[in-house]
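Here is what each chain is made of, one letter per residue.
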Amino acid sequence: TEVTLTATPAEGYHFVGWSGDVTSTDNPLTLTIDSDKTITATFAINTYTVTFDSQGGSEVEPQIVSYGEKVVKPADPTKTGYTFAGWYKDANFTEAWDFDTDVVTSDITLYAKWTINTYTLTVTVDPEDSGTVSLSPEPTDGTYDYGTEVTLTATPAEGYHFVGWSGDVTST
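**Quick look at the overall build of the protein**
Line of reasoning, step 1. Of the regular secondary structure elements, the protein holds 0 helices and 12 strands.
Line of reasoning, step 2. For the protein, the C-alpha radius of gyration of 32 Å lies well beyond 16 Å, the compact-globule estimate for 172 residues.
Line of reasoning, step 3. By principal-axis analysis of the C-alpha atoms, the protein measures approximately 115 × 25 × 20 Å.
Line of reasoning, step 4. Here the protein holds 172 residues, and the buried ones make up 23% of them.
Line of reasoning, step 5. Long-range pairs, those at least 24 residues apart, make up 48% of the contacts in the protein between residues at least 6 apart in sequence.
Line of reasoning, step 6. For the protein, the exposed surface amounts to about 11700 Å²; the carbon and sulfur share of it is 47%.
Line of reasoning, step 7. Where the 6 positive side-chain charges of the protein centre and where its 26 negative ones centre are 10 Å apart.

**Let's talk about the pattern of salt bridges**
Line of reasoning, step 1. One pass over the full model with this rule turns up 4 salt bridges.
Line of reasoning, step 2. In this structure, the salt-bridge partner of Glu 95 is Lys 89, at a minimum N-O distance of 3.0 Å.
Line of reasoning, step 3. Assessed through its relative accessible area of 43%, Glu 95 is described here as partly exposed.
Line of reasoning, step 4. Judged by its relative accessible area of 30%, Lys 89 is partly exposed.
Line of reasoning, step 5. A salt bridge links Asp 102 to Lys 89; the shortest N-O distance between them is 3.4 Å. Taken as a pair, Asp 102 in the loop between β7 (82–88) and β8 (108–116) and Lys 89 in the loop between β7 and β8 lie far apart in primary sequence, 13 residues in all.
Line of reasoning, step 6. Judged by its relative accessible area of 15%, Asp 102 falls in the buried class.
Line of reasoning, step 7. Residues joined in a network through salt bridges with shared partners are Lys 89, Glu 95 and Asp 102.

**Structural notes on the side chain of Ser 24**
Line of reasoning, step 1. Within the secondary structure, Ser 24 sits in the loop between β2 (13–20) and β3 (29–32).
Line of reasoning, step 2. Classification of Ser 24 by relative accessible area gives buried; the value is 15%.
Line of reasoning, step 3. There is a polar contact of 2.9 Å between the side chain of Ser 24 and the backbone nitrogen of Asp 26.
Line of reasoning, step 4. Every residue in contact with Ser 24, bar those within four places of it in the chain, is listed here: Gly 17, Trp 18 and Leu 29.

**Considerations on the nonpolar core**
Most often, soluble globular proteins keep nonpolar side chains buried together rather than apart.
Line of reasoning, step 1. Core analysis: the biggest nonpolar cluster contains 15 residues, and Val 50, Phe 52, Val 71, Trp 87, Trp 97, Val 104 and Leu 110 have the highest contact counts within it.
Line of reasoning, step 2. Looking at this core, the elements with two or more residues in it are β5 (47–53), β7 and β8.
Line of reasoning, step 3. Residues in contact with Trp 97, not counting those within four places in the same chain, are Val 71, Trp 87, Tyr 88, Lys 89, Asp 102, Val 103, Val 104, Ile 108 and Leu 110.
Line of reasoning, step 4. Among the nonpolar cores identified, the runner-up in size contains 6 residues, and Ala 7, Phe 15, Val 22 and Leu 31 belong to it.

**Regarding the sheet that holds β8**
Line of reasoning, step 1. Taken together, 4 strands build an open sheet; the order of strands is β6-β5-β8-β7 and the sheet is mixed. The open sheet is flanked by β6 (63–66) and β7, the only strands paired with a single partner. Strand-to-strand twist in this sheet, taken as the mean axis angle between neighbours without regard to direction, amounts to 30 degrees.
Line of reasoning, step 2. Two elements, β5 and β6, share 4 bridges in a ladder whose sense is antiparallel. Bridge pairing links Tyr 48 to Val 65 in β6.

Cut-offs and rules
- Residues numbered from 1 in each chain as written.
- Predicted model: local features only at pLDDT ≥ 70, side-chain atom pairs only at ≥ 80, totals over all residues.
- Heavy atoms only, no water.
- Helix = DSSP H or I, 4+ residues; strand = E, 2+ residues; numbered from the N terminus.
- Rg over C-alpha atoms; globule rule 2.2 N^0.38 Å.
- Buried < 20%, exposed > 50% of the residue type's maximum accessible area, 1.4 Å probe, protein only.
- Contact = heavy atoms within 4.5 Å.
- Areas by Shrake-Rupley, 256 points an atom, 1.4 Å probe, with all protein chains shown as cover.
- Lys, Arg positive; Asp, Glu negative; His and termini not counted.
- Charge placed at Lys NZ, Arg CZ, Asp CG, Glu CD.
- Salt bridge = Lys/Arg side-chain N within 4 Å of Asp/Glu carboxyl O.
- Polar contact = N/O pair within 3.5 Å; in protein donor to acceptor, adjacent residues only side chain to side chain.
- Core = buried A, V, L, I, M, F, W, Y, C linked by side-chain atoms within 4.5 Å.
- Pairing = 2+ DSSP bridges.
- Axes fitted to C-alpha atoms, helices over the stretch in contact; angles between N-to-C directions.

This is the structure in structure tokens:
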């Protein structure tokens with residue numbers, strides 16, 4: 001008698017092969033029964049690649065994760081002038097990945113969200129000197145985003161001349 005065996009893996013698993021009195025990776029498997037036979041279907045859990053797109057930040061190595069398992073939260077990446085604001089399921093940052101509850105069911109890419117750092121620029125005129133300083137562009141709230149280019153113009157009072165800048169920036 002000829003029989004056909006079909007192995008149907010559960011969700012998240014794949015068929016590996018038949019073992020026992022018949023060894024095969026065919027699925028379905030057709031065989032002729034001419035004696036007692038013991039055959040075992042073998043399945044294995046699927047594994048998936050989790051890729052981390054750091055969006056210009058430091059590299060984060062991908063992870064191989066089994067179906068239904070959680071991703072191990074990697075160390076936060078770094079990016080000059082920015083603060084890391086979490087991993088997201090999409091490049092538009094609409095849904096954060098929750099490392100405590102979200103599980104892997106396919107190959108995925110997680111996207112790093114960044115918040116630009118802001119800095120305060122304080123400009124003063126030495127009280128023993130006389131003159132003014134203009135700033136372009138003028139801050140609306142006293143701070144600037146990382147990478148903003150500003151121009152400082154020193155205008156000495158009559159009878160004075162500009163000597164230079166000091167503090168965090170030195171220049172003449």
